[in-house]
Amino acid sequence: MASLNVITEKFYKPILVLIFVIGILVRLFFYIKNSSLWLDEASLAINVVQGSYIDLLGGLKLLQASPPAFTIISKFLVNIFPIENFFIRDLILRFLPFISGVLSIFAFYSLLKIVFKNNQNAILTGLFFLALNPAAVLYSVQYKQYSLELLVAIVLLIIFYKILLLNQNKWYYSLIIALAPWFSYSSFFIIISGLFGLLWSSRKKFVTLIIPFIFSCLVYYFISLKSVFKINYSGMDEYWSMAYSFFEFKHPTRILYRLGDLFTMSKYPTLVAGLICFIAEVKYVISKDHHFYEKILFVLPIILTLFASIFHKYPFCCRLILFLLPLLFITIVSLDKIWGNILKLIIVFIFAISIFNYFPDAREYYYTYARDVVNYVLENKKQNDVILLDNMNAEYKLYLGEYDDVMVLNANCLKNNIEKCAEQILLLPRGNYYFLSSSYYAKEIVQEIGLKPVELNLSFEPKKCKAVYFKK
């Protein structure tokens with residue numbers, strides 16, 4: 001270990017720069033690659049592109065929920081760069097998640113320096129974990145708010161750490177804390193934990209921070225959250241219940257799998273990663289090496305999130321708990337001795353096998369090339385051709401925009417609905433159809449009723465077939 005410390009001390013700055021460069025370049029690679037927006041991204045984008053600024057304050061359609069600051073900034077960017085090219089527009093939409101992902105690396109470096117002080121090995125290890133974590137990379141280049149929520153969480157952790165443990169308090173800290181929920185729903189878990197610590201340590205500081213926070217929350221509730229709960233809560237509860245994202249005591253390993261999802265989507269490595277997170281958290285809590293307020297900051301938000309999940313108030317699902325990554329990494333980095341270093345190496349190995357093969361939970365309909373499909377169809381469609389969609393069609397509706405010459409099946413065409421979709425196609429009138437499916441069973445569905453589907457002649461060969469042309 002001594003030799004490792006010598007190497008780290010000698011090459012600390014070059015290694016530090018290398019981690020920053022790699023973390024930024026990996027995100028930049030996927031950002032420039034700019035694949036079509038998939039179902040969830042497209043659903044949120046439709047709200048932003050087609051809705052007004054006022055609409056974005058309330059409950060969103062298509063079963064979407066997003067902090068208003070995220071959607072309003074996104075709409076502002078789209079409006080000041082009114083580019084019709086779909087590829088460029090997608091880059092504009094994804095700019096805020098991308099820049100948030102990059103800034104998260106720098107913010108986490110600041111947090112690590114404060115927490116671990118002169119422990120260069122710990123700083124480099126923690127920074128490496130965030131820079132190359134597959135979930136952090138993925139959501140830095142997806143049009144969802146989770147990368148911004150990660151950044152907000154790190155900023156709040158820095159603020160509360162300085163207040164609680166370094167006795168530093170700037171006038172603008174209360175402003176940032178009060179406004180944070182407008183940018184991040186998950187910020188409530190960090191803020192409540194930090195305020196709990198302040199209630200314990202300094203009533204004066206607690207009152208100074210909580211008054212503007214409560215005022216902001218009241219305004220936030222009546223302007224936005226009230227409508228969000230009314231429009232989205234029941235549908236979200238049903239969806240996340242079916243996705244096994246609420247913690248239940250009869251399924252105790254679920255928490256391990258959900259934590260492990262932040263590292264990989266392979267079944268057994270996921271369980272291993274989740275177990276390492278659990279061990280790290282328990283070790284951190286029982287260790288005498290960490291201050292009481294550190295334990296509040298880096299453990300209590302996870303406990304609060306679990307309780308919210310138990311009562312069906314917040315799903316314990318990978319993208320929605322992305323903000324927990326800095327907490328998990330700090331506790332994992334704090335593991336010591338030989339066994340602790342072995343667990344860290346296992347995490348590194350899991351990163352290595354996952355970063356270029358990491359997908360969210362919606363595997364069946366995650367893959368998309370809708371942007372290319374719509375461009376092709378609009379360029380090649382003849383007057384009598386009909387565009388046919390299933391009812392999970394946000395990825396196509398986004399790119400079709402105001403185009404209304406479309407037929408929609410009353411079913412999603414996922415694997416378990418192939419026969420139902422085929423039956424509905426069988427009932428269609430005679431004609432020529434471009435069938436654009438939400439899943440990659442477009443060919444199988446058309447073949448189910450004895451027709452001959454033809455794949456579109458695109459400039460590339462899709463990995464999965466989601467769009468075909470057929471005559472009936």
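Before any of the text, the structure's been laid out above.
Residues numbered from 1 in each chain as written. Predicted model: local features only at pLDDT ≥ 70, side-chain atom pairs only at ≥ 80, totals over all residues. Heavy atoms only, no water.

A. Local environment of the overall build of the chain. Counting its regular elements, the chain contains 21 helices and five strands. In terms of overall dimensions, the chain is globule-like: its C-alpha atoms have a radius of gyration of 24 Å, near the 23 Å expected for 472 residues. When its C-alpha atoms are laid out on the principal axes, the chain stretches across 75 × 50 × 45 Å. Within the chain, the fraction of its 472 residues that count as buried is 57%. Contacts in the chain between residues far apart in sequence, at least 24 positions, make up 73% of those at least 6 positions apart. Summed over its atoms, the accessible surface of the chain is roughly 21800 Å², and 64% of this surface lies on carbon and sulfur atoms. The average position of the 44 basic charges and that of the 31 acidic charges among the side chains of the chain differ by 9 Å. (Helix = DSSP H or I, 4+ residues; strand = E, 2+ residues; numbered from the N terminus. Rg over C-alpha atoms; globule rule 2.2 N^0.38 Å. Buried < 20%, exposed > 50% of the residue type's maximum accessible area, 1.4 Å probe, protein only. Contact = heavy atoms within 4.5 Å. Areas by Shrake-Rupley, 256 points an atom, 1.4 Å probe, with all protein chains shown as cover. Lys, Arg positive; Asp, Glu negative; His and termini not counted. Charge placed at Lys NZ, Arg CZ, Asp CG, Glu CD.)

B. The arrangement of the packing of helix 13 (residues 267-286) against helix 16 (residues 337-354) in detail. Relative orientation of the contacting elements helix 13 and helix 16 amounts to 145 degrees, with a least axis distance of 10 Å. Classified by chirality, the crossing of helix 16 by helix 13 is left-handed. Along the contact surface, helix 13 presents Pro269, Val272, Ala273, Ile276, Ile279 and Lys283, while helix 16 presents Trp339, Leu343, Ile346, Ile347 and Ile350. Its residues placed into classes, the contact of helix 13 with helix 16 shows 10 nonpolar, no polar and one charged. (Axes fitted to C-alpha atoms, helices over the stretch in contact; angles between N-to-C directions. Left-handed = near helix turned anticlockwise from the far one by under 90°. Nonpolar A, V, L, I, M, F, W, Y, C, P; charged D, E, K, R; others polar.)

C. Highlighting the pairing of strand 1 (residues 385-389). The buried fraction of strand 1 is high, at five of five residues. The alternating pattern of strand 1 places Asp385, Ile387 and Leu389 and Val386 and Leu388 on opposite faces, both of which are buried. Sheet topology places strand 1 next to strand 2 (residues 406-408); three bridges connect them, and they run parallel. In the strand pairing of strand 2, Ile387 is matched with Val406. A crossover links strand 1 with its parallel partner strand 2, the connecting element being helix 19 (residues 394-400), and its sense is right-handed. (Pairing = 2+ DSSP bridges. Right-handed = clockwise from strand over helix to strand, strands pointing away.)

D. Examining helix 5 (residues 95-116) more closely. A rise of 1.5 Å per residue sets the reference length of helix 5, with its 22 residues, at 32 Å; its end C-alpha atoms lie 31 Å apart and thus fit the reference within 8%. The element helix 5 is largely enclosed, with a buried count of 16 among its 22 residues. Following helix 5 by one or two positions, Lys117 has its phi on the positive side, about 50 degrees. (Expected span 1.5 Å × (residues − 1).)

E. Structural context of the sheet that holds strand 1. Within the open sheet, the five strands sit side by side as 2-1-3-5-4. Their pairing is mixed. Two strands in the sheet have a free side with no partner beyond their single neighbour: strand 2 and strand 4 (454-455). Against the sheet, helix 18 (residues 370-380) contacts strand 1, strand 3 (432-436) and strand 5 (467-471), and its axis sits at roughly 165 degrees relative to strand 3.

F. How the structure looks around the nonpolar core. With 142 residues, the main nonpolar core has Leu195, Leu262, Phe263, Phe298, Ile330, Leu436 and Leu456 as its most contacted residues. A per-element tally of this core places helix 8 (residues 146-165) first, with 15 residues. Excluding anything up to four places from it in sequence, Phe298 contacts Val115, Leu157, Tyr161, Glu281, Tyr284, Leu327, Ile330 and Thr331. The next biggest cluster of nonpolar side chains, apart from the first, holds 21 residues, and it includes Val386, Cys413, Ala442 and Val446. (Core = buried A, V, L, I, M, F, W, Y, C linked by side-chain atoms within 4.5 Å.)

G. Up close: the side chain of Lys75. By the secondary structure assignment, Lys75 is in helix 3 (residues 68-80). Buried within the structure, Lys75 lacks any salt-bridge partner; Asp55 is the closest side chain of opposite charge, at an N-O distance of 7.7 Å. The residues touching Lys75, leaving out its near neighbours within four places in the chain, are Val48, Val49, Gly51, Ser52, Tyr53 and Leu56. (Salt bridge = Lys/Arg side-chain N within 4 Å of Asp/Glu carboxyl O.)

H. Spatial organisation of the side chain of Ser66. Mapped onto the elements of the fold, Ser66 is located in the loop between helix 2 (39-50) and helix 3. Of the residues examined, Ser66 reaches a relative accessible area of 3% and is grouped as buried. Setting aside residues no more than four positions away along its own chain, Ser66 makes contact with Leu44, Leu60, Thr71, Gln145 and Tyr185.

I. Structural view of helix 9 (residues 173-183). Every buried residue belonging to helix 9 is among Tyr173, Ser174, Ile177, Ala178, Ala180, Pro181 and Trp182, and all of these are buried. The inward-facing, buried residues of helix 9 contact helix 3, helix 8, helix 10 (187-201) and helix 11 (203-242).

J. Layout of the pairing of strand 5. Strand 5 sits mainly inside the fold: four of its five residues count as buried. In this sheet, strand 5 lies alongside strand 4 in antiparallel orientation, the contact comprising two bridges. Within the sheet, the bridge partner assigned to Val454 lies in strand 5 and is Tyr469.

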